[in-house]
Amino acid sequence: MLRRSSRLQASGYYDTDGKPVVSYKEILKRVFKRRIFFRRRDSISYRNGAMQGYMSVPFRSRPKIFLYALLGLLCCGLPFLLRTLTGSYLDPIPSKLPFFISTPANSSTDQNALESSIIEIHGSPTQCKHMWQQKELQDELLRLKKKIMTLFPEADSLPNFALETLGARIVHSWTSKSYQTPEPYLTILGIPIWRSPVSASVVIQGHSPLLPGRCWPFSGGQGHLVIALPYTITVSHVTLSHISNKISPSSTINAAPKVFSIYGMEYLGSDESRLGTFLYDQDGDPVQTFRISDNKSGAFNYVRLQIESNWGHPDYTCLYNFRVHGRWTNKNTKEGDSKLKSPNSYICGR
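Given the structure is predicted, the values throughout are model-derived calculations rather than measurements.

Let us now look at the overall build of the protein. Within the protein, the secondary structure is distributed over 5 helices and 13 strands. Across the 350 residues of the protein, 31% fall into the buried class. Looking at the protein as shown, the accessible area adds up to about 24,300 Å², and 57% of this sits on carbon and sulfur atoms.

This is how it looks when you write it as structure tokens:
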């Protein structure tokens, strides 16, 4: 019989049969506790057995929930990230709506000019911004082109056959009379004696720059000028020049030609060929070149400039400079016209 302790017997350690009631069995225990949300259901137990593993299921599935939430946030935030990189994040202007751009108009208060200065652009805000920048560059290039054309007009790059130093001349018998002002140049004791008329030859003398008053005036708003060309010419362009209103003493150029027509003749008295009718813009460049239509071809020895109207001056119209451009054709001159051409006067121009 096993030895029994009297103290254990007194404390009820043995039953009535003398067998131990409490068994000492070694149970392994972890020194460091496992994290609570990774515990299994059977790893959590309370001594009273009332709650076992109550937190095992939620915490076991929580890592997946976090992963799904992270993926959802990334998917939802990707469009905003792209819009941020493209520079249009949270732009208050909705896409694909009309975007109106107002460009600077002239000082004129014309309603049509005001309406033409507003441009409607459809697209996203970024596209509208780029289109607006592109239009600013185009306007700047246009301003530079106009400035260059003012300094170096197109007419300066074309041969001018209506030039007195080249052999061209004015046929005065076929040209309108010059305008005479009432004030004479020469007086004796206050008595008007003589005034030198302004010759139409100033129009083909090629003066540059144009100066106010150095022009040929004729009466009224209609007149004509006939030029004998030094060669037989196929006309391609004509150029009409006038001073600008910036250097005009009256700040206006209402004596400038407005509508004019060009006619070509093989010889004086022959049938005229109408080469075109054009409009000189008083608000445009001082030197304006006009192209002759290709179907108005022909070789001519004479050119007639017909002024149909001016810009409002009631008394006279002024012509400063007129040029004829084209191609020299090898065509024999009419008999009797050879005296009009002096080779020594334009031999350096060849």
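The rest of the description comes next.
The next thing to look at is the pattern of salt bridges. Once the charged atoms of two side chains with opposite charge are near each other, the side chains can pair. Taken as a whole and assessed by the stated rule, the structure comprises 5 salt bridges. One salt bridge in this structure joins Arg143 and Glu140, with 2.6 Å as the shortest N-O distance. Here Arg143 pairs with Glu140, and both are found in helix H4 (residues 125–151), just 3 residues apart, close to one helical turn. By relative accessible area, which is 35% here, Glu140 ends up partly exposed.

A surface patch of nonpolar side chains, amounting to about 540 Å² of accessible area, comprises Leu67, Tyr68, Leu70, Leu71 and Leu74. Checked against the element boundaries, Tyr68 lands in helix H2 (residues 56–85).

This part is about the pairing of strand E7 (residues 223–241). Extensive coverage of E7 is indicated by the burial of 17 of its 19 residues. Looking at chain direction, strand E3 (residues 169–170) and E7 are connected through 2 bridges and run antiparallel. Bridge pairing in E7 links Ile170 to Ile227. Both E7 and strand E11 (residues 299–310) contribute to a ladder of 8 bridges, which runs antiparallel. Bridging from a neighbouring strand, Leu225 pairs with Leu305 of E11. Note that E7 and strand E13 (residues 321–328) share 8 bridges and pair antiparallel. Residue pairing in the sheet places Thr234 in a bridge with Arg327 of E13.

Moving on, we get to the packing of aromatic side chains. In total, this model carries 7 aromatic pairs according to the counting rule given. Ring geometry for Phe260 and Phe278: centres 5.7 Å apart, planes at 40°, overall tilted. With Phe260 in strand E8 (residues 257–265) and Phe278 in strand E9 (residues 273–279), the pair connects residues that are 18 residues apart, well separated along the chain. With a relative accessible area of 0%, Phe260 lands in the buried category. Residue classification places Phe278 among the buried positions, given a relative accessible area of 14%. Arranged with centres 5.3 Å apart and planes meeting at 35°, the rings of Phe278 and Phe290 form a pair that is tilted. Of this pair, Phe278 sits in strand E9 while Phe290 sits in strand E10 (residues 287–291), placing them 12 residues apart in sequence. Both residues of the pair, Phe278 and Phe290, belong to the buried class.

Criteria and cut-off values
Residues numbered from 1 in each chain as written. Predicted model: local features only at pLDDT ≥ 70, side-chain atom pairs only at ≥ 80, totals over all residues. Heavy atoms only, no water. Helix = DSSP H or I, 4+ residues; strand = E, 2+ residues; numbered from the N terminus. Buried < 20%, exposed > 50% of the residue type's maximum accessible area, 1.4 Å probe, protein only. Areas by Shrake-Rupley, 256 points an atom, 1.4 Å probe, with all protein chains shown as cover. Salt bridge = Lys/Arg side-chain N within 4 Å of Asp/Glu carboxyl O. Patch = residues over 30% accessible without salt bridge, like charges linked within 9 Å, V, L, I, M, F, W, Y side chains within 5 Å. Pairing = 2+ DSSP bridges. Phe/Tyr/Trp six-rings, centres within 6.5 Å; stacked < 30°, edge-to-face > 60°.

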